[in-house]
Amino acid sequence: GLVLLRLKPKGAGPGAGSVRLSLRCSVQGEAISSSVDLSIDARQCAESSSSKAGKSQKGSFVIPEITDTNMAIAKGVLLLRFVKVIRAYLDLGDCPQPDPLQAQESLDNIGDLLFRLDKNAKKVDLLSPRLRDQLRRFWDMASKHCKHLKGDST
């Protein structure tokens, strides 16, 4: 299975730091463990906490180094980012009249992730072969929707 975690900084401080994600499992009686270290800078924390106010969710997303032992964790981190940008756009549907500027920011975040995934195509395709194609198709659909919103707001 896949477990997705959302971590929030404690208190009102800058929230920068690092986190180690560890996976321990047993495959055919053999114990396997791996870990991935992720660093979160203060800017990402500020952007993450302001994303509910419609601000950009861009950050320095880095695809972790892939080894035989950390493949599941790297894939989980990748899928978490994928879900986060798509969900932000889909959440616009909760509004009776979505804001075209918010829609454009969400669309830009999808495009930013797609650009980063394309830059690391070999790694991404190793972890999830159709992920880039699915994100590109969603970006195409969201782009048309965003243009429609902009047309309705003028």
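Residues numbered from 1 in each chain as written. Predicted model: local features only at pLDDT ≥ 70, side-chain atom pairs only at ≥ 80, totals over all residues. Heavy atoms only, no water.

Enquirer: Residues and numbers for the packing of aromatic side chains, please.
Expert: Taken as a whole and judged by the stated rule, the model has one aromatic pair. Measuring from ring centre to ring centre gives 6.2 Å for Tyr89 and Phe138, while their planes differ by 85°; the resulting arrangement is edge-to-face. Pair noted here: Tyr89 is in helix 2 (residues 71–90) and Phe138 is in helix 5 (residues 131–152), with a separation of 49 residues, a long-range link. (Phe/Tyr/Trp six-rings, centres within 6.5 Å; stacked < 30°, edge-to-face > 60°. Helix = DSSP H or I, 4+ residues; strand = E, 2+ residues; numbered from the N terminus.)

Enquirer: Describe the packing of helix 2 against helix 3 (residues 100–119), and please don't skip the residues or the numbers.
Expert: As a packed pair, helix 2 and helix 3 sit with axes 8 Å apart at the nearest point and diverge in direction by 155°. Between helix 2 and helix 3, the angle is such that the two are roughly antiparallel. In this structure, helix 2 crosses over helix 3, and the sense of that crossing is left-handed. Together, Leu78, Arg81, Phe82, Val85, Ala88 and Tyr89 of helix 2 and Ala103, Ser106, Leu107, Asn109, Ile110, Asp112, Leu113 and Leu117 of helix 3 make up the contact between the two elements. Residues belonging to the contact of helix 2 with helix 3 are distributed by class as follows: 10 nonpolar, two polar and two charged. (Axes fitted to C-alpha atoms, helices over the stretch in contact; angles between N-to-C directions. Parallel < 35°, antiparallel > 145°, perpendicular 65-115°, else oblique. Left-handed = near helix turned anticlockwise from the far one by under 90°. Contact = heavy atoms within 4.5 Å. Nonpolar A, V, L, I, M, F, W, Y, C, P; charged D, E, K, R; others polar.)

Enquirer: Which residues make up the confidence of the model for the protein, and what values do they have?
Expert: Per-chain confidence: the protein averages 77 in pLDDT, with 69% of residues scoring 70 or above. When mean pLDDT is compared element by element in the protein, helix 3 scores highest at 93, while helix 1 (residues 42–50) scores lowest at 43. (pLDDT = per-residue confidence, 0-100.)

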